[in-house]
Amino acid sequence: MSKTASLGLAPTATLFGRLLATIDRLLMTSARISQRNGDLPYFGL
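Described below are features of the structure shown in this document. (Residues numbered from 1 in each chain as written. Predicted model: local features only at pLDDT ≥ 70, side-chain atom pairs only at ≥ 80, totals over all residues. Heavy atoms only, no water.)

Re the overall build of the protein
Part 1 of the argument: Secondary structure summary: the protein contains one helix and zero strands in total.
Part 2 of the argument: By the burial criterion, 4% of the 45 residues in the protein qualify as buried. (Helix = DSSP H or I, 4+ residues; strand = E, 2+ residues; numbered from the N terminus. Buried < 20%, exposed > 50% of the residue type's maximum accessible area, 1.4 Å probe, protein only.)

The structure is reproduced here in structure tokens:
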């Protein structure tokens, strides 16, 4: 008998997770551009 165990996990790259990652990436890009221009970043949708 094997002494190792395997655990089946759900994939983390679900459609909802990818959508949230895309929104986060867009907000962070907007914040970087605002910071470069000397403005306060606007967070939110």
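Further notes follow.
Here we look at helix α1 (residues 15–37)
Part 1 of the argument: The end-to-end C-alpha distance of α1 is 33 Å, a good match for the 33 Å that 23 residues give at a rise of 1.5 Å each.
Part 2 of the argument: Downstream of α1 by one or two residues, glycine 38 has phi in the positive range, about 90°. (Expected span 1.5 Å × (residues − 1).)

Brief notes about the environment of threonine 14
Part 1 of the argument: Structurally, threonine 14 can be placed in the segment before α1.
Part 2 of the argument: In this structure the side chain of threonine 14 is engaged in a polar contact, spanning 3.2 Å, whose partner is the backbone nitrogen of glycine 17. (Polar contact = N/O pair within 3.5 Å; in protein donor to acceptor, adjacent residues only side chain to side chain.)

Everything listed here is a matter of coordinates, which is why it stays silent on function.
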